[in-house]
Amino acid sequence: MTEPTAVRGPSDYRDPHLEHRKAQERAHFAAGDANTDPMSSLITIELNVTELCNRKCVFCPRVDPAIYPNQNLNMDRAMVDRVADEMVRLGLRSRLSFSGFGEPLLHKSFPEIVRTLRARLPENTIEVNTNGDRLTAARIRELFAAGLTYLYINLYDGPEQAAHFEAMVADAGAPEGRWKLRPHWVGAEKDFGLTLNNRSGMVNAPEAGIGPLATALSTRCHYPFYKMLIDWNGDVMFCSNDWGREIKIGNLGSQGLDELWLAQKMFEVRRRLMTGDRGFSPCAKCSVHGTLSGGPSFRTLVRHYLDRGALPAAELPADLADLKR
């Protein structure tokens, strides 16, 4: 077991991508009333469209097939339509992020998925995180033509990759400001807790500076307050870092997005994380700091639970006293 390093505060993190995320968060809440609508807290819907990946990275559970085998399991068109239907029904401004547990570009119909969602959701941000191995200039042009908003290319091997992808996006004529290269080779002490983590305790890679925790962190976590993960089969997980799929909230095939986001099981998890209680699995094993984003969503949902009487005011941490009516 690895002893956790001292927990750092938000000012200790310098990943430039974090500022991009915070700007998106501000824009999200500027477009609606975060004080009265609990669904406005749902900033990001992460989609795991495939259980395939072409890599076995040391900092990923896939490095060991016995722990995380590669499986040809893919989200079908009906589930993509279901996501769009629910977002339209609820008028959600949420960002759609293709990332999850696999490599999105290995889904054979990925451009069509983007095209389908863009046709139904003309104003929503649609983004993809990719390892870039399947990218070409033609594929980049196809994705932006389909309606992609942002392309994030994760550089896992080293800084020498940057020139290759910079030339590729230039050849593709990718829109300025709509693509980013994200370094993932820098190691756990320099990655700001955003690009490398222990995947809720499923990764033990001392060479990358990550591994299981000896004791649980004692910080709050905002992830279940602002992000939902929808798996390839419609299962909704409580957190995108729950690679072991330990806490399943329900399934979008038979439940509404609002029903899932405001489910009792989600409330029970949030109630504990609100006070920094990570003493349950998988949170007890997770190395993610958890408060670098999602502050407005956190406050929105705490206020919602207070207003409906689900959360007694006496349980409120002192720094949230201003939320009491």
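Before going into details, it helps to say that this report is about the structure given with it.

Definitions and limits used
- Throughout this description, residue numbers start from 1 for each chain and increase along the sequence as written.
- Reporting in this predicted model follows two pLDDT cut-offs: at least 70 for local features of residues, and 80 or more for side-chain atom pairs to be given and counted; totals over whole chains, interfaces and linings ignore these cut-offs and use all residues.
- For the side-chain quantities, the full set of heavy atoms in the structure was used; hydrogens and water were omitted.
- Secondary structure elements are defined from DSSP: runs of H or I of at least 4 residues count as helices, runs of E of at least 2 residues count as strands, and each element is numbered from the N terminus.
- Each radius of gyration is computed over the set of C-alpha atoms, and the globule rule expresses the reference value as 2.2 Å times the number of residues to the power 0.38.
- Buried, partly exposed and exposed residues are distinguished by accessible area as a fraction of the type maximum, computed with a 1.4 Å probe on protein chains only: under 20%, between the cut-offs, and over 50%, respectively.
- Should any heavy atoms of two residues lie within 4.5 Å, those residues are considered in contact.
- The Shrake-Rupley method, run with a 1.4 Å probe sphere, supplies the accessible areas, and residue values consider only the shown protein chains as cover.
- Residues are said to line a cavity or pocket when one of their atoms sits within 4 Å of a point; the points come from a 1 Å grid over protein atoms alone, cavities being sets where a 1.4 Å probe fits but cannot get out and pockets being open sets with protein on both sides within 12 Å along at least five of seven lines.
- Grid points are joined across faces, edges and corners, and a volume is the space filled by probe spheres set on the points.
- Gly counts as polar in this scheme, as do all residues outside two lists: the nonpolar Ala, Val, Leu, Ile, Met, Phe, Trp, Tyr, Cys and Pro, and the charged Asp, Glu, Lys and Arg.
- When DSSP finds two or more bridges between a pair of strands, those strands are recorded as paired.
- Angles run from 0 to 180 degrees between N-to-C directions of axes, and those axes are lines fitted to C-alpha atoms, restricted for helices to the stretch in contact.
- What sets the label is the angle itself: under 35 degrees gives roughly parallel, over 145 gives roughly antiparallel, 65 to 115 gives roughly perpendicular, and the rest give oblique.
- Salt bridges are defined by distance alone: a side-chain nitrogen of Lys or Arg within 4 Å of a carboxyl oxygen of Asp or Glu.
- Helix crossings are classified by the rotation of the near helix relative to the far one: an anticlockwise turn of less than a right angle makes the crossing left-handed, while a clockwise turn makes it right-handed.

Regarding its fold elements, the protein presents 9 helices and 8 strands. For the protein, the C-alpha radius of gyration of 19 Å lies close to 20 Å, the compact-globule estimate for 325 residues. Judged by the C-alpha coordinates and their principal axes, the protein covers about 60 × 45 × 35 Å. The buried share of the protein, taken over its 325 residues, is 56%. Long-range contacts, defined as pairs at least 24 residues apart, comprise 72% of the intrachain contacts of the protein with a sequence gap of at least 6. Carbon and sulfur atoms provide 51% of the accessible area of the protein, an area that totals close to 13,800 Å².

What follows covers empty space enclosed by the protein. Considering all chains together, one arrives at 2 cavities of 30 Å³ or more under this definition. Size it by volume and the second largest cavity reaches roughly 100 Å³. Along the lines of polarity and charge, the residues of the lining of the second largest cavity split into 9 nonpolar, 2 polar and 2 charged.

Moving on, we come to the sheet that holds strand S5 (residues 179-183). Hydrogen bonds between backbone groups are what pair the strands of a sheet, and the pairing can be parallel or antiparallel. Strand order in the open sheet formed by 8 strands is S5-S4-S3-S2-S1-S6-S7-S8, and the pairing between neighbours is mixed. Of all strands in the sheet, those with a lone pairing partner are S5 and strand S8 (248-251), marking the two edges. Averaged over all adjacent pairs, the angle separating strand axes in this sheet is 25 degrees, with direction ignored. The pairing of strand S3 (residues 126-130) with strand S4 (residues 150-155) spans 4 bridges and is parallel. Among the inter-strand pairings, Asn 129 is bridged to a residue of S4, identified as Tyr 152.

Contact geometry of helix H3 (residues 110-120) with helix H4 (residues 137-146) gives a least axis separation of 8 Å together with a crossing angle of 20 degrees. Regarding the angle of H3 to H4, the classification is roughly parallel. Facing Phe 110, Pro 111, Val 114, Arg 115 and Arg 118 of H3, the residues of H4 in contact are Glu 142, Leu 143 and Ala 146. Considering only residue class, the contact of H3 with H4 consists of 5 nonpolar, no polar and 3 charged.

The subject of this paragraph is the layout of surface pockets. Each pocket or cavity is described by its volume, and for the second largest pocket that value is around 210 Å³. For the lining of the second largest pocket, the element with the highest residue contribution is helix H1 (residues 16-30), accounting for 3 residues. Considered class by class, the residues forming the lining of the second largest pocket number 3 nonpolar, 4 polar and 3 charged.

In this fold, Ala 208 is placed in the loop between S5 and helix H6 (223-226). When the C-alpha positions of Ala 208 and Pro 312 are compared, they lie 43 Å apart, and in sequence the two are 104 residues distant.

Attention now goes to the pattern of salt bridges. Tallied over the full model, the rule gives 22 salt bridges. For Arg 82, the salt bridge identified is with Glu 86, shortest N-O distance 3.5 Å. Highlighted residues: Arg 82 and Glu 86, both in helix H2 (residues 77-90), separated by 4 residues, approximately one helical turn. Owing to a relative accessible area of 4%, Glu 86 belongs among the buried residues under this scheme.

The next point concerns the packing of H4 against helix H5 (residues 161-172). The N-to-C vectors of H4 and H5 enclose an angle of 55 degrees; their axes lie 8 Å apart at closest approach. The pairing of H4 with H5 is recorded here as oblique in orientation. Note on packing geometry: the crossing formed by H4 with H5 is right-handed. Residues Ala 137, Ile 140 and Arg 141 of H4 form the contact with H5, whose participating residues are Met 168, Val 169, Asp 171 and Ala 172.

In this section: the pairing of strand S1 (residues 44-47). Where burial is concerned, the two faces of S1 agree: the one with Thr 44 and Glu 46 and the one with Ile 45 and Leu 47 are both buried. Relative to strand S2 (residues 95-98), S1 is paired through 4 bridges, and the arrangement is parallel. Bridging from a neighbouring strand, Glu 46 pairs with Ser 97 of S2. Strand direction decides the pairing type here: S1 and strand S6 (residues 227-230), joined by 4 bridges, are parallel. When the bridges of S6 are listed, Glu 46 appears paired with Leu 229.

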